[in-house]
Every structure is written in structure tokens, then in C-alpha cells.
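# Reading the structure
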Amino acid sequence: MKQIKAAAVNIHDSWRTVLKDEFEQAYFAEIKQFLKSQYQAGKRIYPPGKLMFNAFDQTPFDKVRVVILGQDPYHGPGQAMGLSFSVPYGVRVPASLKNIYKEMHEDVGASIAEHGDLTSWAQQGVLLLNAILTVEHKQPGSHKKIGWQRFTDAVIRIISEQRDGIVFMLWGNFAQSKQELIDFDRHFVLTAAHPSPLARGAYFGSRHFSQANTHLVSRGEEPINWQL
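Notes on the structure follow. Sequence order as written defines residue numbering, which begins from 1 separately in each chain. Where totals are concerned, whole chains, interfaces and linings use all residues; where local detail is concerned, this predicted model gives features only for residues with pLDDT of at least 70, and gives and counts side-chain atom pairs only at 80 or more. Based on all heavy atoms of the structure, the side-chain values leave hydrogens and waters out of the count.

### A few points about the overall build of the protein chain
In this text, helices come from DSSP runs of H or I with a minimum length of four residues, and strands from runs of E with a minimum of two, each type numbered from the N-terminal end. Scanning the protein chain from N- to C-terminus turns up 9 helices and 6 strands. For a compact globule the rule gives 2.2 Å times the number of residues to the power 0.38, and the radius of gyration it is set against comes from C-alpha atoms. Taken against the 2.2 N^0.38 rule, which gives 17 Å for 228 residues, the C-alpha radius of gyration of the protein chain at 17 Å falls within 12% of a compact globule. Taking the principal axes of the C-alpha coordinates as reference, the protein chain spans close to 45 × 35 × 25 Å. Once local pairs closer than 6 in sequence are excluded, the contacts in the protein chain between residues at least 24 apart make up 67%. For the accessible areas, the method is Shrake-Rupley and the probe is 1.4 Å, while residue cover comes only from the protein chains on display. Surface summary for the protein chain: the accessible area is close to 10600 Å², and the carbon and sulfur share equals 47%. By the counting scheme adopted, Arg and Lys are positive, Glu and Asp are negative, and His together with the chain ends is not counted. Think of each charge as sitting on NZ of Lys, CZ of Arg, CG of Asp or CD of Glu. Taken as two groups, the 25 positive and 22 negative side-chain charges of the protein chain have centres that lie 9 Å from each other. Residue contacts are counted whenever heavy atoms from the two residues lie within 4.5 Å of one another.

Structure (C-alpha cells):
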């Protein structure tokens, strides 16, 4: 299936270079074979193939300044767009993203957007990375064991080793389990509860957006414009 080959998907050349070894690993070939079999069986897989690596297309490797880690894509029709927590214009804003907007409003005064498209963040250097890059229709977590986490763990590790001063926002226990991949001496790691309503508001008050910008400015970089 062309859309799941590294050379055919929409992915910035900088990522093709730094992830070349991963794309050539046997486990990655197994991911491609699994997805091919799912498509051939008529399964509905999200996001669409051309958006599978959207996070890597919108945010070049050398432009990454912030990483916001999600778990797996939304599993409803038209929701997943290859950016963690983000949904396309015209799609109802998910509950977790609504809470992110509320926190952002309280933290940096950004007005609450009526849409859920976070592409403008990605284009400013916010890597919106899901640990698992695909999911079957209405089957959350269905692809968590096919090898994606080995791939995205490598992504996090490579960022940690080859870049400096990156802000990592780790929300919830799953994201925080990735801390061992990050060099705390080289990067700024922020942790908080997950923005899901299931966390009963524990996410609120984390102030990660202002803290990220304070860190970036201290390094002589432009702050992220969180306003959507």
C-alpha cells in the first residue's frame, strides 16, 4: 500500500533523514504489512493514509520546539488528522480538547476557539505526536500492539539526543511513562494530569502554556502563539 510507505506518505524530508534507520527496521515492515492486510480486509483505519505522518509533515525535525504527546488517534469518522488532540474544521471539538482550551484561556488569556484544528501550533514548532499512529474505526487502542510505540519511542529518543531545550508536555500516566526516553538535563519536561473529563479537573491549573513560552523566551526564541 503506497500510503504507508515512508517514501510515499506526506512527511518532511528532515524526518525521512533522521528516521531512515527506523523505516528500514523489520518491525516497521511488519507495521506496513499489518495495515495492508487491514485495508485489504475492508477495515476502516484512521487517520487517512496521507495524514498518517501529518505531525512529521507539519513540523520539520529542526523546527521542533515543543512536543505534546497523545496516545492514539480519535476513532470516529472524520476526526483523526494525524495531530494529537486535533480534529479538522467542522468536526465537533472533543471533550479533552475543550479542557485544553479552558486551561489555555486561564493560563495565557487565549480566547476559546470554536474549532479543533491545531495545525497552526504544529506550524510553529509544536510536534503533536500520538504514540500510536493508527486506529481501527470505533476500536480505541486497537493498534497499540502493532509496533507503533517502538517507532514513536525512537522519535522521542532521537529528539532528546539530537536537539536541545525542547519543551515536553506529558499529560496523564501514559504520556508520563515516556519520561525515561528524555534527557532532563537537556530539555524542559512538564507533567500534569490528562485533560480528559475522566481526570475530574486535575489537569486545570497546570499552566503549561505560559511555562513553555517562558522557557522558549529564556532561550532567545519566539513564544508560541497559542491563540487559534
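Having seen the model, we can carry on.
### What to know about the pairing of strand E3 (residues 126-130)
A simple rule labels every residue: compare its accessible area, found with a 1.4 Å probe on the protein chains alone, to the largest value its type can have, and call it buried under 20%, exposed over 50%, or partly exposed in between. With 5 of 5 residues buried, E3 is to be regarded as a mostly interior element. Here E3 shows a buried face lined by Val126, Leu128 and Asn130 and a second buried face lined by Leu127 and Leu129. By the convention used here, strands pair only if DSSP detects at least 2 bridges between them. Both strand E2 (residues 66-70) and E3 contribute to a ladder of 5 bridges, which runs parallel. Residue pairing in the sheet places Ile68 in a bridge with Leu128 of E3.

### As for the sheet that holds strand E5 (residues 167-171)
One open sheet accounts for 4 strands, arranged E3-E2-E5-E6; its pairing is parallel. Each end of this open sheet is capped by a strand with a single partner; those strands are E3 and strand E6 (188-192). Taken over all neighbouring pairs, the strand axes of this sheet differ in orientation by 20 degrees on average, direction set aside. Relative to E6, E5 runs parallel, the two sharing 5 bridges. Looking at the pairing, Phe168 lines up with Val189 of E6. Whenever a helix is involved, its axis is fitted only over the stretch in contact; in every case the axis is a line through C-alpha atoms, and angles between N-to-C directions fall within 0 to 180 degrees.

### Digging into the packing of aromatic side chains
Stacked, edge-to-face and tilted labels apply to pairs of Phe, Tyr and Trp rings (six-membered ring for Trp) whose centres lie within 6.5 Å, assigned for plane angles under 30 degrees, over 60, and everything in between, in that order. For the structure on display, the rule yields 20 aromatic pairs. An aromatic cluster of at least three residues, connected via ring pairs, comprises Trp15, Phe23, Tyr27, Phe28, Phe53, Phe56, Phe61, Trp148 and Phe151.

### Observations regarding the pattern of salt bridges
Counted as salt bridges are all cases of a side-chain nitrogen of Lys or Arg within 4 Å of a carboxyl oxygen of Asp or Glu. One pass over the full model with this rule turns up 8 salt bridges. When the shortest N-O distance is used, the salt bridge between Glu24 and Lys20 registers 2.8 Å. Overall, the relative accessible area of 53% leaves Glu24 in the exposed class. With relative accessibility at 44%, the residue Lys20 sits in the partly exposed group. In this structure, the salt-bridge partner of Arg65 is Glu221, at a minimum N-O distance of 3.6 Å. Here Arg65 is found in the loop between helix H4 (54-58) and E2, whereas its partner Glu221 is found in the segment after helix H9 (208-218), with 156 residues between them in sequence.

### Quick look at the side chain of Arg163
Looking at the element boundaries, Arg163 is found in the loop between helix H7 (148-162) and E5. Buried Arg163, no salt bridge; nearest opposite-charge side chain is Glu221, N-O distance 6.0 Å. The definition of a polar contact used here is a pair of N or O atoms within 3.5 Å, where within protein one atom must be able to donate a hydrogen and the other to accept one, and adjacent residues in sequence count solely through side-chain atom pairs. Within polar-contact distance, the side chain of Arg163 engages the backbone oxygen of Val64 at 3.0 Å. Setting aside its immediate chain neighbours within four residues, Arg163 contacts Phe61, Asp62, Lys63, Val64, Ile158, Arg186 and His187.

### Focus on the nonpolar core
By convention a nonpolar core is built from buried Ala, Val, Leu, Ile, Met, Phe, Trp, Tyr and Cys residues, the set being connected through side-chain atoms within 4.5 Å. Of all hydrophobic cores here, the largest spans 69 residues; its most connected members are Trp15, Phe53, Phe56, Trp121, Trp148, Phe151 and Met169. Sorting elements by how many residues they give to this core places H7 first, with 6 residues. Dropping the residues within four chain positions of it, Phe56 is found in contact with Ile11, His12, Trp15, Leu19, Leu129, Leu133, Phe151 and Val155.

### Examining unusual backbone geometry
The omega angle of the peptide bond from Tyr46 to Pro47 is -10 degrees, so this bond is cis rather than trans. Among the structural elements, Pro47 can be located in the loop between strand E1 (45-46) and H4. A positive phi angle is found at Lys138, which is not glycine, with a value near 60 degrees. Positionally, Lys138 belongs in the loop between strand E4 (135-136) and H7. Despite not being glycine, Arg200 shows a phi value in the positive range, around 55 degrees. For Arg200, the location among the structural elements is in the loop between E6 and H9. With a relative accessible area of 79%, Arg200 lands in the exposed category.

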